[in-house]
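Chain residues, written in single-letter form:
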Amino acid sequence: MAKELKTIGVLTSGGDAPGMNAAIRGVVRTAIARGLKVKGIKKGYQGLLNEEIIDMETKHVSDIIQRGGTILGTARSMEFKTAEGQEKGAEICRKHGIDGVVVIGGDGSYRGAQKLSQLGINTIGIPGTIDLDISCTEYTIGFDTAVNTAMQAIDKVKDTSSSHERCSIIEVMGRNAGYIALWCGIANGAEDILLPERYDYNEQNIINNIISNRKRGKTHHIIINAEGIGHSTSMARRIEAATGIETRATILGYMQRGGCPTARDRYYASIMGSYAVDILLQGKTNRVVGYQHGEFVDFDIEEALQMNKGIDEYEFEVSKVLAI
């Protein structure tokens, strides 16, 4: 390395995700074990610009692995999207002796990390998003917890839908990606799954399916609707008018971001936090940590951002077969 790494910073950016605290813990404890100092940057890139920077010791990450959210806080920063804001952020890193930064967040957070790297601050990204929409990795921190939270909620809605012989449209998060919807659709035995990547906006097909299922004796009809499609309430009104069947919309919303992370989210996030520190020590920068084919790997940020990720065609076809 051109410069010996002595101090690293860690921040969480964008939407919070269960397991982020486990990643923070992995970064802090691994860095200290490797002889580094650690600075916690509060409230993401905006906190960096505001110099909300604290020293972190192992005690600061005790008893956090089971907690949802992020102890460092997170915020969106329009200022950091500007060249002036990025220059200011890099200067603040240098002012506080921060040689490298671990950024835990989604693709927007990686663009910020990329800019810091170009300005001389070594950066590593860790995929923290419940949406599972980071193309270079099969796993993102928080997805497993979010999909289990949604699944359990949908089971409860399904019970009451059967009791009242209703149709229920349940909207799950995921931004423009349909992974939470697909997983819940299969795991909850939904009759229809609406994904941004596949939906043709032909509501008549859904209406026909509801009527056909009711004639076969089905006492409920569950539609999992992805956030990227949305408009669940107005859709429910149209379906009820067309079918004569009581139809209700349930938007699960931000409950999917919270709660105790699952074992998988705790475990993978911990390993990713440690991995990020170790590749920083190898002199790497402008990299994103990922998980592929059973291994933890890393990619150039630009390469990762250019990758395309879509819904697996076979899995989507299976979801339709199982809904019959």
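Quick look at the structure, then. (Residues numbered from 1 in each chain as written. Predicted model: local features only at pLDDT ≥ 70, side-chain atom pairs only at ≥ 80, totals over all residues. Heavy atoms only, no water.)

Notes on the overall build of the protein chain
The test is simple: Secondary structure counts use DSSP, requiring at least four H or I residues in a row for a helix and at least two E residues in a row for a strand, with both numbered from the N terminus. Put simply, the radius of gyration uses C-alpha atoms, and a globule should come to 2.2 Å times the residue count raised to 0.38. Burial classes follow relative accessibility: with a 1.4 Å probe on protein chains only, a residue under 20% of its type's maximum area counts as buried, one over 50% as exposed, and anything between as partly exposed.
Counting its regular elements, the protein chain contains 11 helices and 11 strands. Taken over C-alpha atoms, the radius of gyration comes to 22 Å for the protein chain, in line with the 20 Å a tight globule of 324 residues would show. In terms of its C-alpha atoms, the protein chain occupies a principal-axis envelope of roughly 70 × 35 × 35 Å. Counting over 324 residues, the protein chain shows a buried share of 53%.

Structural notes on the sheet that holds strand 10 (residues 287-292)
Put simply, the test is: DSSP bridges decide pairing: two strands pair if at least two such bridges lie between them. The angle between two axes is taken between their N-to-C directions and runs from 0 to 180 degrees, where each axis is a line fitted to C-alpha atoms and a helix contributes only its stretch in contact.
Taken together, the 7 strands give an open sheet; going across it, the order is 3-2-1-4-5-10-11, and neighbouring strands pair in mixed fashion. The open sheet terminates on both sides in strands that have one partner only, identified here as strand 3 (53-56) and strand 11 (295-300). Ignoring which end each strand starts from, the neighbouring axes of this sheet average 30° apart. Where strand 1 (residues 7-12) lies against strand 2 (residues 37-41), 4 bridges are found, and the strand directions are parallel. For Ile8, the partnering residue across the bridge sits in strand 2 and is Val38.

Some points on the packing of helix 5 (residues 143-164) against helix 6 (residues 179-187)
Two packed helices can be described by the angle between their axes and the distance between those axes. Note the threshold: What sets the label is the angle itself: under 35 degrees gives roughly parallel, over 145 gives roughly antiparallel, 65 to 115 gives roughly perpendicular, and the rest give oblique. The handedness criterion is simple: a crossing whose near helix is rotated anticlockwise from the far helix by less than a right angle is left-handed, and one whose near helix is rotated clockwise is right-handed. Contact between two residues is taken to exist if any of their heavy atoms lie within 4.5 Å; hydrogens are not considered. Under this grouping Gly is polar, as are all residues other than the nonpolar Ala, Val, Leu, Ile, Met, Phe, Trp, Tyr, Cys and Pro and the charged Asp, Glu, Lys and Arg.
Where helix 5 meets helix 6, the axes come as close as 9 Å, and the angle between the chain directions of the two elements is 45°. As summarised for this structure, helix 5 and helix 6 are arranged oblique, according to the angle between their axes. Helix-helix and strand crossings are classified by hand; for helix 5 and helix 6 the assignment is right-handed. Across the interface between the two elements, Phe143, Ala146, Val147, Ala150, Met151 and Ile154 from helix 5 touch Tyr179, Ile180, Trp183, Cys184 and Ala187 from helix 6. Broken down by class, the residue content of the contact of helix 5 with helix 6 amounts to 11 nonpolar, no polar and no charged.

As for the sheet that holds strand 9 (residues 247-251)
Spatial ordering of the open sheet is given by 7-8-6-9, a layout of 4 strands whose pairing is parallel. In the strand order of this sheet, the two ends are held by strand 7 (192-194) and strand 9, each with one partner. Adjacent strand axes in the sheet meet at a mean angle of 15°, parallel and antiparallel pairs treated alike. Bridge analysis of strand 6 (residues 167-172) against strand 9 gives 5 bridges, and the strand direction is parallel. Of the residues in strand 9, the one forming a bridge with Cys167 is Thr247. Docked against the sheet, helix 8 (residues 232-243) engages strand 6, strand 7, strand 8 (221-226) and strand 9, running at close to 170° with respect to strand 9.

Some details on the environment of Cys167
Looking at where Cys167 falls in the secondary structure, it is placed in strand 6. Between the C-alpha atom of Cys167 and that of Thr247, which follows or precedes it by 80 residues, the distance is 4.6 Å. Aside from chain neighbours lying at most four places away, what touches Cys167 is Ile210, His221, Ile223, Ile239, Ile245, Glu246, Thr247 and Arg248.

Here's the deal with the packing of aromatic side chains
The cut-off we apply is this: Between rings of Phe, Tyr and Trp, where Trp is taken as its six-membered ring, a pair exists when centres lie within 6.5 Å; planes separated by under 30 degrees are stacked, by over 60 edge-to-face, and by other angles tilted. Criterion for a charge above a ring: Lys NZ or Arg CZ within 6 Å of the ring centre, and within 35 degrees of the ring normal.
The final tally for this structure, using the stated rule, is 8 aromatic pairs. Consider the rings of Tyr267 and Tyr268, whose centres lie 6.0 Å apart with planes at 55°: the pair is tilted. Among the residues examined, Tyr267 registers a relative accessible area of 54% and is labelled exposed. A network of ring pairs unites the aromatic residues Tyr139, Tyr267, Tyr268, Tyr291 and Phe296 as a single cluster. Here Arg198 stacks its cationic end above the ring of Phe316, 5.3 Å away from the centre of that ring.

What to know about the packing of helix 7 (residues 203-215) against helix 8
In the contact formed by helix 7 and helix 8, the axes pass within 10 Å of each other and the chain directions differ by 55°. Taken together, the axis directions place helix 7 and helix 8 in an arrangement best described as oblique. Crossing hand, helix 7 versus helix 8: right-handed. Here Glu203, Ile206, Ile207, Ile210 and Ile211 of helix 7 lie close against helix 8, whose contacting residues are Met235, Arg238, Ile239, Ala242 and Thr243. When the residues that make up the contact of helix 7 with helix 8 are grouped by side-chain class, the tally is 7 nonpolar, 1 polar and 2 charged.

Side note on the pairing of strand 1
When you tally the buried positions in strand 1, you get 6 out of 6 residues, the bulk of the element. Relative to strand 4 (residues 100-105), strand 1 runs parallel, the two sharing 5 bridges. Its bridge partner being in strand 4, Gly9 is matched across the sheet by Val101.

Some points on the nonpolar core
Threshold: Remark: nonpolar core denotes a set of buried residues (Ala, Val, Leu, Ile, Met, Phe, Trp, Tyr, Cys) joined through side-chain atoms within 4.5 Å.
One finds Ile8, Ile126 and Ile180 to be the most contacted residues of the largest nonpolar core, which totals 59 residues. If we ignore the near neighbours within four places in the chain, the residues touching Ile8 are Val27, Ala31, Leu36, Lys37, Val38, Lys39, Ile98, Gly100, Val277 and Leu280.

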